[in-house]
Structures are given as structure tokens and as C-alpha cells.
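# An overview of the molecular structure
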Amino acid sequence: MTQASQWDIGDDDHPHEECGVVGVWGSADAAALTALGLHALQHRGQEAAGIVSLAGQGGSQGQFHAHKGRGLVGDNFGDAAVIARLPGHAAVGHNRYATTGETALRNVQPLYADFEFGGFAVAHNGNLTNAHVLKRALVRRGCLFQSTTDSEVFIHLIAISLYSTVIDRLIDALKQVQGAYSLVALHNGALIGARDPLGVRPLVLGKLAAGGHVLASETCGLDIVGAEFVRDVEPGEIVMIDDAGVRSIRPFARPANPRFCIFEYIYFARPDSIVEGTPVYDTRKRIGAELARESGVEADVIVPVPDSGVPAAMGYATEAGIPFELGIIRNHYVGRTFIEPTDQIRNLGVKLKHSANRSMIEGKRVVLVDDSIVRGTTSRKIVEMVRQAGATEVHMRISSPPTTHSCFYGIDTPERAKLLAAQHDVAEMARIIGADSLAFISLDGLYRALGKPGRDAAAPSYCDACFTGDYAIPLTDAQDNSERPLPLLQVANR
Ligand code: SF4
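Conventions used here
Residues numbered from 1 in each chain as written. Predicted model: local features only at pLDDT ≥ 70, side-chain atom pairs only at ≥ 80, totals over all residues. Heavy atoms only, no water. Helix = DSSP H or I, 4+ residues; strand = E, 2+ residues; numbered from the N terminus. Buried < 20%, exposed > 50% of the residue type's maximum accessible area, 1.4 Å probe, protein only. Contact = heavy atoms within 4.5 Å. Areas by Shrake-Rupley, 256 points an atom, 1.4 Å probe, with all protein chains shown as cover. UniProt positions renumbered as here; feature names shortened; annotations may be inferred. Near = heavy atom within 4 Å. Nonpolar A, V, L, I, M, F, W, Y, C, P; charged D, E, K, R; others polar.

For the rest of this paragraph, the subject is the overall build of the protein. Counting its secondary structure elements, the protein contains 17 helices and 25 strands. Per-residue burial for the protein yields a buried fraction of 58% across its 494 residues. For the protein, the proportion of contacts with a sequence separation of at least 24, taken over those separated by at least 6, is 71%. Split by element, the accessible area of the protein, about 19400 Å² in all, is 51% carbon and sulfur.

Under the UniProt annotation, "active site" (unreviewed entry) lies at Cys 19. Tracing the sequence through the fold places Cys 19 in the loop between β1 (6-8) and β2 (20-25).

Let us now look at the site of the ligand. Around the ligand, the neighbouring residues are Val 200, Arg 201, Cys 261, Ile 262, Phe 263, Cys 407, Tyr 409, Ile 411, Cys 463, Asp 464, Ala 465 and Cys 466. Looking at the shell around the ligand, its residues break down into 10 nonpolar, no polar and 2 charged.

With that out of the way, let us pick up the UniProt feature "binding site: Mg(2+)" (unreviewed entry) in the protein. The sites that UniProt annotates as "binding site: Mg(2+)" (unreviewed entry) are Ser 308, Asp 370 and Asp 371. Spanning 64 residues, the named residues form one tight spatial group whose C-alpha atoms are at most 7.2 Å apart. Within the secondary structure, Asp 370 sits in strand β22 (residues 365-370). A residue is classified by how much of its surface remains accessible, and Asp 370, at 3% relative accessible area, is buried. In contact with Asp 370, not counting residues within four places along its chain, are His 14, Val 305, Ser 308, Arg 397, Ile 398 and Ser 399. If you trace the backbone, Asp 371 turns up in the loop between β22 and α13 (377-388).

Shown next as C-alpha cells:
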């Protein structure tokens with residue numbers, strides 16, 4: 001089957017997360033636990049998965065083992081024989097989301113290198129915003145890059161560092177990179193976790209009942225292995241985990257204003273994860289309730305665009321006092337691509353993934369609740385589908401503010417010119433997607449739903465750059481016109 005014969009039915013109207021990470025220290029089942037954690041984080045990346053394990057403790061005696069492959073975690077690690085080839089008491093793993101089509105095996109993480117201090121594996125969620133500039137300098141110094149992922153910059157910065165210990169070399173590297181990152185790394189002496197100085201990307205620490213610790217992008221990665229949530233790794237913090245326990249290192253000053261990605265609450269995080277002490281599910285319901293207060297409309301039924309719009313739609317329906325119904329059914333068994341036999345079948349479009357539940361829609365005024373509009377293509381098809389199922393009115397309500405800017409911090413969004421909200425006002429957007437009305441939650445309303453009085457423009461509590469253009473971390477590569485980028489380097493963590 002050629003690429004051209006595949007029909008991409010991915011969710012065009014959503015930004016996409018670009019990776020989940022897991023690390024385990026102190027369990028005889030480290031690789032199996034890591035695979036389970038990655039499975040729970042599958043929503044953060046479906047293109048490829050990898051695990052590196054460490055067997056044998058102390059000094060440079062440890063043996064590293066690796067397995068990586070394209071596809072889902074279950075495709076790669078569902079076989080007990082694969083896990084058996086990843087022995088040891090510690091492991092790190094990675095789920096990868098890629099957009100360019102080149103999910104070459106060389107880009108699948110964790111990345112591994114042998115240094116004079118021994119083996120070192122690293123897995124990274126996020127995006128470095130000065131990777132081009134750093135890579136250019138590193139290549140001039142003779143570094144030979146093996147992949148096209150920005151994460152490899154960490155490996156080379158550690159390799160050329162003049163510091164002697166692993167942790168000092170890592171800190172040296174972290175002080176040179178800009179961008180958003182949560183990373184897990186493994187060397188002979190310890191499992192390491194780190195978050196960028198503003199804490200844009202998430203990372204949590206958990207403890208296993210039988211001893212040992214787990215790092216994961218979200219708490220759902222702890223729950224699946226029965227690990228107790230201990231705490232978030234703090235913005236700018238490094239945690240070193242070994243048999244003696246957890247040690248915290250603070251190479252960066254605590255930020256006055258951390259800038260956690262606000263989109264994690266709206267869409268990326270799994271609803272059963274706990275973020276900042278609150279279940280994401282509850283937060284999404286509060287966002288929906290705020291949306292109903294801001295932009296209520298007379299209607300007969302509230303219908304979520306599944307699955308991500310469900311909690312917000314429930315909050316909206318409760319607040320509005322209008323029945324909530326599953327008026328759209330999602331087919332969970334469709335992957336990102338589907339064999340396309342003819343143009344006629346291609347024109348069926350979104351129905352492969354979503355179909356209208358006619359009995360809940362026909363003759364009714366419908367409010368559709370979704371979490372975001374990026375290009376508008378899927379929204380237009382869904383509105384049309386609901387009309388064809390007999391809705392008398394279709395009103396679209398969105399639980400995020402208009403996405404007017406691209407993300408440079410590890411979330412895959414199209415360039416600005418392709419963002420519907422960057423090109424059109426809300427009335428025009430409503431016309432383009434064919435809705436009777438369209439409304440987005442306001443920025444202040446979103447902050448209120450998160451327990452803040454509103455957005456403090458002088459000191460925002462979150463990264464909200466895709467709604468505001470307020471980029472808290474410099475976009476060095478994007479503003480660098482000094483030379484063409486090196487041919488193999490891509491901007492994102494792909
Ligand atoms: S720009 Fe948007 S998606 Fe990207 S980190 Fe910031 S809030 Fe999240």
C-alpha cells in the first residue's frame with residue numbers, strides 16, 4: 001500500500017500533542033511498567049514508541065537495552081518476548097507524535113549515546129526554540145547528528161561539556177537550550193527528570209508501593225502502574241532518582257510566573273489526569289459551564305463533539321439546564337489513515353470517524369460543543385452532518401479562545417496563515433463552518449474556570465500564546481535569518 005493510497009482522516013481541527021515520557025527506577029519490572037505508562041499516555045503520541053532499559057547497577061557496569069518501533073505502544077511492546085529483552089531495574093520510554101511523515105526509526109526516542117561516563121538515554125517532550133542555532137554551532141564543531149529531532153541537541157551538548165559529572169553536564173546543556181521540555185534520562189547511576197524553567201510541559205513524580213519511583217507526563221501514567229502520585233516536578237527543577245531516593249536540584253531560579261500550557265487543561269491531558277491538584281475532567285466541566293454563562297443560546301439539546309468535547313459539553317448542559325445527549329457517535333476503531341478505494345468514498349469524509357445519532361438530533365436546535373477550531377475543516381463537516389441528520393439549528397460553542405497563533409513549544413499547529421481564527425473574525429468563521437452561531441470562551445472566562453480572577457496581562461499564570469501571541473520563551477530559530485537552516489533539521493520534535 002503506497003502513501004498515496006491512504007486517506008488521512010486525522011482530526012484537522014485539533015492541535016496535536018507531540019510526545020509522552022515515562023521513567024522508572026527501582027523495579028524488576030521496569031520495562032513492563034514503562035510500557036504500561038506509555039500505553040496510558042498513548043493520546044500524546046501514536047506514531048512511534050521506544051524504551052531503553054538498564055540492567056546492572058553502579059559505576060559503568062550497567063548494560064543498556066533498547067527497543068523502538070513505529071506504531072502504537074501495544075504494537076511494539078504487547079509481546080512479552082520484547083519486554084523480556086529489556087531487562088533491568090530502570091527504564092525510560094517515549095511516545096512520539098510526528099507530522100511530517102518522516103517517522104524514521106532514527107528519530108524514535110529515547111535517544112541513546114555512549115559517553116566516557118557510560119551510557120545515557122534521553123526522552124523529550126516539547127520543542128527547543130533555538131535548536132537550529134545550536135545545531136549549526138555544534139555541526140561546525142564537528143558534531144555528527146544521527147537524527148532530525150531537536151532532542152539530539154541534548155546529546156551533543158552533554159558530549160562536549162567540559163564538566164565532569166553527568167548531572168553537571170546535563171545542567172550545562174539545559175542552560176544553553178531555549179524552549180519547552182519535560183525530559184526523562186537514564187544513566188548508570190540514576191534516573192533523571194527535568195522540566196523547563198517556566199514549566200510549560202508537564203512531568204509528575206510517583207512512588208511504587210513495592211519501592212521505586214516513576215516519572216510520567218501525566219498522572220494517568222502513574223495510575224496504570226499503581227504508583228502513588230507524589231508531586232509535580234517543578235518548573236526548572238531536576239530530580240535525580242536512585243536507590244537512595246529522590247534528590248532535587250535547582251539549576252534555575254524558581255519562576256515568579258510559571259507558564260504551564262493552558263491547552264493541557266482544554267484538550268491534551270487525559271480527563272482522568274490530575275493537574276495542579278484538580279482532575280482535568282472537573283476543570284473541563286467548569287470551562288463548559290463558563291462557556292454557557294458567556295454565550296448561552298436557546299436550544300433543545302447539547303451535543304459534544306467526541307471525545308474531547310464531552311466534559312465541557314456536560315458542564316455547559318448543566319449550567320444551561322438543557323439536556324445533554326450523545327448526538328454524535330465516534331468510531332474508535334479508525335486509525336489515522338484508511339485505505340481509499342475511490343473518490344466517491346473519499347467524499348464521505350468525516351463520517352468514517354463520526355456519525356450523527358439521528359434520533360437525538362432530528363427536529364432539534366442543537367448546540368455542538370468542541371474544544372478548539374484550528375483550520376475549521378472538521379467543524380464544517382460535522383455541522384453539515386448534524387444538519388443532514390435533521391437539526392433545525394446548529395450552534396457551535398468552543399471551550400478554548402480562538403487559536404490565532406502557532407505553537408512553538410511542542411504542540412503541532414499549522415502555520416498562522418492556515419489558522420482559521422488568524423484570518424477571520426468569529427462571524428466569518430461561523431459562516432465558513434456553516435453554523436447558525438459560533439462562540440468561543442473568552443480568555444478571562446477560561447482563566448476564571450481555572451480558578452483565577454481573569455487573565456493578568458502583566459503576569460499571566462499560563463502559557464496561552466496560541467490565543468494571545470504572548471510567547472514567554474524566545475523564538476530564536478523562528479527569528480533567525482542569518483543562514484538557511486541546516487537541511488536535516490526540522491523545527492519541531494518530530
Ligand atoms: S502556545 Fe498554546 S499549545 Fe503551545 S504551549 Fe502555549 S498554550 Fe500550549
